[in-house]
Amino acid sequence: LYGGGISESHSYVAAFWPTGTGEVNLFEGWVGDGVNVITCSPTGEMLAGIGDGQIIISDYHGNKSTVPNTANVQYLDWSPDAAKLVYSDTSRDLYVINRDGTGKIKIATSAEGVAWRVGEKIAYVGNKLTLINPDGTGTLETVVGGRPQIKNNGDVVYQYLTEVRVINNTGTNETTLFSGYQPYTFKLSSDGSKIVAGAFGDPGIWLINIDGTGYTKIR
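Because the structure is predicted, anything quoted here is derived from the model rather than measured.

J.: What am I meant to see in the nonpolar core here?
T.: One broad rule of soluble globular proteins: the nonpolar side chains tend to lie buried together. If you look at the biggest cluster of nonpolar residues, it comprises 14 residues, and the most contacted ones within it are Ile55, Ile57, Leu76, Trp78, Leu85 and Tyr87. If you list the elements that add at least two residues to this core, you get β4 (47-51), β5 (54-58), β7 (73-78), β8 (84-89) and β9 (94-98). No other element matches the three residues that β7 contributes to this core. The residues touching Ile55, leaving out its near neighbours within four places in the chain, are Gly49, Ser65, Thr66, Val67, Thr70, Val73, Leu76, Leu85 and Tyr87. Among the nonpolar cores identified, the runner-up in size contains 13 residues, and Val164, Tyr181, Phe186 and Ala199 belong to it.

Listed below in structure tokens is the structure:
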């Protein structure tokens, strides 16, 4: 804005139904505070984000706290019970840590995008799409791919170029779900039936069925 008037900027964390209706502002802040990569806990009552390189946790009223012993965080996800978090940092080291900042262990190196949320395995992007136990054992390299997401049955859905593929947690039975995927973010719905995404050139929030049908801009 130009001129002598008073301008204000407000940012909110908002929620709405998958139909795009019923939007409500939950609390003000976070984006304006420099927090990004916001993700909901699988248990539904908390949010986690990255602010100034650290993990920030908040309830849905905006009561937030910093997770101690986290720094230079680039990617993160929740454990299925929301008691722990997994994250990779700018050095590409992969850590599991309790929500209160205790019990931190390094479980892998050369790690980027990461997913946990459901099942017994953590998935991350290394030289290949890799599965690992939360204690750092049982490392299994599978196929080339990115942006992993884990389904309730343990299968890993991921992106390869413009294809969305799935592979089971033993590293077998790789299947292409659909081609022509262009959006630049990739999150599975809680039931694994849809992809939630954003897109370059047409900002907003999109839903896509896991079979590639039903591209819908909901926000």
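After presenting the structure, the write-up continues.
J.: What's the story with the packing of aromatic side chains in this structure? I'm lost.
T.: Aromatic ring pairs are described here by two measures, namely the spacing of the ring centres and the angle between the planes. All chains considered together, the criterion is met by five aromatic pairs. Aromatic pair Phe27 and Trp30: ring centres 5.9 Å apart, planes at 80°, arrangement edge-to-face. Across this residue pair, the class does not change: Phe27 and Trp30 are buried. Seen from their ring centres, Phe178 and Tyr181 are 6.1 Å apart, and the 70° between their planes marks the pair as edge-to-face. An aromatic cluster of three or more residues is present, and its members are Phe178, Tyr181 and Phe186. Of note, Lys104 hangs over the ring of Tyr95, and the distance from its end group to the ring centre comes to 4.4 Å.

J.: What's the story with the pattern of salt bridges in this structure? I'm lost.
T.: Pairing between side chains becomes possible if they bear opposite charge and their charged atoms approach one another. Evaluated as defined, the whole model comprises six salt bridges. When the shortest N-O distance is used, the salt bridge between Arg219 and Glu23 registers 2.8 Å. Residue Arg219 is found in the segment after β22 (216-217), and its partner Glu23 is found in the loop between β1 (12-15) and β2 (24-28); the two are separated by 196 residues along the sequence. Given a relative accessible area of 49%, Arg219 falls into the partly exposed group.

J.: Teacher, can you tell me more about the sheet that holds strand β11 (residues 114-115) here?
T.: One key point about sheets: their strands pair by backbone hydrogen bonds, in either a parallel or an antiparallel sense. Across the sheet, four strands lie side by side as β11-β12-β13-β14; this open sheet has antiparallel pairing. Where the open sheet ends on each side, the last strands, each with one partner, are β11 and β14 (140-141). Two elements, strand β13 (residues 129-132) and β14, share two bridges in a ladder whose sense is antiparallel. If you follow Thr130 over to β14, its bridge partner there is Glu141.

J.: Would you mind showing me how to read unusual backbone geometry here?
T.: Leaving glycine aside, a negative phi is the common case for residues, and trans is the common case for peptide bonds. One non-glycine residue, Asp52, lies in the positive phi region at around 55°. By the secondary structure assignment, Asp52 is in the loop between β4 and β5. A relative accessible area of 75% places Asp52 in the exposed class. Phi is positive for Asn72, close to 55°, though the residue is something other than glycine. One can find Asn72 in the loop between β6 (64-66) and β7.

J.: Sorry, what's going on with the sheet that holds β4 here?
T.: Within the open sheet, the four strands sit side by side as β3-β4-β5-β6. Their pairing is antiparallel. Two strands close off the open sheet at either side, each with one partner strand: β3 (35-40) and β6. Strand after strand, the sheet turns through a mean of 25° between neighbouring axes, direction not considered.

About the cut-offs
Residues numbered from 1 in each chain as written. Predicted model: local features only at pLDDT ≥ 70, side-chain atom pairs only at ≥ 80, totals over all residues. Heavy atoms only, no water. Core = buried A, V, L, I, M, F, W, Y, C linked by side-chain atoms within 4.5 Å. Buried < 20%, exposed > 50% of the residue type's maximum accessible area, 1.4 Å probe, protein only. Helix = DSSP H or I, 4+ residues; strand = E, 2+ residues; numbered from the N terminus. Contact = heavy atoms within 4.5 Å. Phe/Tyr/Trp six-rings, centres within 6.5 Å; stacked < 30°, edge-to-face > 60°. Lys NZ or Arg CZ within 6 Å of the ring centre and 35° of its normal. Salt bridge = Lys/Arg side-chain N within 4 Å of Asp/Glu carboxyl O. Pairing = 2+ DSSP bridges. Axes fitted to C-alpha atoms, helices over the stretch in contact; angles between N-to-C directions.

On their own, these measurements won't tell you what the molecule is for.
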